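Each chain, letter by letter, is given below.
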Amino acid sequence: MTPKVLFRRSLFALVPLVAVLVIGEVGARLFWQRPDMDTRDGMGLAPHPTRIWTLDASEQEAQFAHRFRLDPNGLRMARTTGAQHRILTVGDSSIFGHGLGDEETLHAGIHEAFKQHGHRVDGLTIAMPGYTTEQSLRVLEEHGWGLEPDLLLLGGLWSDNDIEPISDREWLAQLQSPRQLIEWALRDSRLFEWVRFTLEPPPETSTPVTWGLDPLGSGNRRVSPTAYEENLQSMLLQAQSRQASAVVLVPCNRPLLSQETPETGWPWDAYVTAMEKLAADHNLPIVYGCEVAKAAHIDIQKGFLDEMHPTGALNRAYADAIAAALIERNWPTEPLAPR
């Protein structure tokens, strides 16, 4: 049998298969709808092939109380002025500005704080609700450096400390498995979705992102303290290679501001220690959120929307303290490059 005949027979054999798939796809779109899922406290976000999830533009009003613009990469857009210097904030929902309008976010406050000191600095963000340093490292590599920041503000902590059955490193590794890659490629197929729901019915409820409601809880962390330190170091190595500076923000929360430290310590103490070690090793400024709140006479009612998320007032106090710490080190006139 010649190659030409073999190719022709193979092509004819594929025609019935393609026809069956097309008919099945049309039928699934006409007669099957994905069942509605009940979502408990938390946020149902859109899946992402390399970062686990991303923002769902259609859910802004219901989940965030404020509308905001998304760029083509699904990141929160900031208002920019074309300033020569740019600060990029990295972290989770507390850095993103959950529940706040654009003008109340940390990155907006940074612009205003530097303006008061006579410096033109634009504040940008790649922070995302529920993001750990594992996810932040991915988005920094994929899109963050494309924003050409002069300085990174590292403030992610709470999501890394969250308790989940599987670590983020394991989850991200699974996203690169052959099965996951095939599922992502077929994500728009209603026929494939029907087959998957039929063979593997999902649970009745789902909670892809929730807040750390139990500060004294125990269990496996989404990112271990050791992995957390490694991720911060990786970010700084990338900053160093691009001659970018860095500053560290240790965020505050209601339990830290209103309660005495438990005898066993807080579960996030190891992450704060990693932040402090990072700042000391690289001679970087470090700003402590709770100290900022106390100095500005901001109590828990004025400072937080809930257990973890700062208000616009606290974000502005953070921004003022960050600007003061950087200007004291002569930034942006002189770089604060990591060692």
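Cut-offs applied
- Residues numbered from 1 in each chain as written.
- Predicted model: local features only at pLDDT ≥ 70, side-chain atom pairs only at ≥ 80, totals over all residues.
- Heavy atoms only, no water.
- 1 Å grid on protein atoms, 1.4 Å probe; cavity = no way out; pocket = protein on both sides within 12 Å on 5 of 7 lines; lining within 4 Å.
- Points joined across faces, edges and corners; volume = space filled by probe spheres on them.
- Helix = DSSP H or I, 4+ residues; strand = E, 2+ residues; numbered from the N terminus.
- Phe/Tyr/Trp six-rings, centres within 6.5 Å; stacked < 30°, edge-to-face > 60°.
- Buried < 20%, exposed > 50% of the residue type's maximum accessible area, 1.4 Å probe, protein only.
- Axes fitted to C-alpha atoms, helices over the stretch in contact; angles between N-to-C directions.
- Parallel < 35°, antiparallel > 145°, perpendicular 65-115°, else oblique.
- Contact = heavy atoms within 4.5 Å.
- Nonpolar A, V, L, I, M, F, W, Y, C, P; charged D, E, K, R; others polar.
- Disulfide = S-S within 2.5 Å.

A.B. asks: Describe empty space enclosed by the protein, listing the residues and the values that go with them.
C.D. replies: Applying the stated rule across the entire model yields 1 cavity of 30 Å³ or more. As a volume, the largest cavity reaches approximately 50 Å³. Contributing elements (two or more residues each) for the lining of the largest cavity: helix H5 (133–142) and helix H10 (225–241).

A.B. asks: An account of the packing of aromatic side chains is needed here, citing residue identities and associated values.
C.D. replies: Taken as a whole and judged by the stated rule, the model has 7 aromatic pairs. When the ring of Trp-53 is compared with that of Trp-171, the centres are 5.9 Å apart and the planes differ by 65 degrees; the resulting orientation is edge-to-face. Here the residue Trp-53 occupies a position in strand E3 (residues 52–54), and Trp-171 occupies one in helix H7 (residues 168–175), the gap between them amounting to 118 residues. Judged by its relative accessible area of 30%, Trp-171 falls in the partly exposed class. Aromatic side chains Phe-114 and Trp-331 sit 5.7 Å apart centroid to centroid with 70 degrees between the ring planes, which places their arrangement in the edge-to-face category.

A.B. asks: Describe the packing of H5 against H7, and please don't skip the residues or the numbers.
C.D. replies: Contact geometry of H5 with H7 gives a least axis separation of 9 Å together with a crossing angle of 45 degrees. Judged by the angle between their axes, H5 and H7 are oblique. Residue-level contacts link Glu-134, Gln-135 and Arg-138 of H5 to Asp-168, Arg-169 and Leu-172 of H7. In terms of residue class, the contact of H5 with H7 is made up of 1 nonpolar, 1 polar and 4 charged.

A.B. asks: Before we move on, could you go through the side chain of Asn-315 and cite the residues and values that matter?
C.D. replies: Within the secondary structure layout, Asn-315 lies in helix H15 (residues 312–328). A relative accessible area of 1% places Asn-315 in the buried class. Other than its neighbours up to four places away in sequence, Asn-315 contacts Ser-94, Leu-100, Glu-104, Thr-105, Leu-106 and Pro-310.

A.B. asks: Just give me the short version of the environment of Gly-97, but keep the residues and values in it.
C.D. replies: Structurally, Gly-97 is set in the loop between helix H3 (93–96) and helix H4 (106–116). Classification of Gly-97 by relative accessible area gives buried; the value is 2%. Sequence separation of Gly-97 and His-309 is 212 residues, and the distance between their C-alpha atoms is 7.6 Å. Discounting chain neighbours no more than four positions away, the residues touching Gly-97 are Arg-76 and Thr-105.

A.B. asks: Please provide a residue-by-residue account of the state of the cysteines, values included.
C.D. replies: What is meant by a disulfide is a covalent connection between two cysteines, made through their sulfur atoms. In the structure shown here, the tally under the stated rule is 1 disulfide. Residue Cys-252 pairs covalently with Cys-290 via a disulfide, S to S 2.0 Å. Where Cys-252 bonds to Cys-290 through sulfur, the torsion about that S-S bond is close to 85 degrees, and the disulfide is right-handed. A residue pair is termed long-range when its members are at least 10 positions apart, and Cys-252 in the loop between strand E8 (245–250) and helix H11 (254–258) and Cys-290 in helix H13 (residues 289–295) qualify at 38 residues. Assigned by exposure class, Cys-252 and Cys-290 land together as buried.

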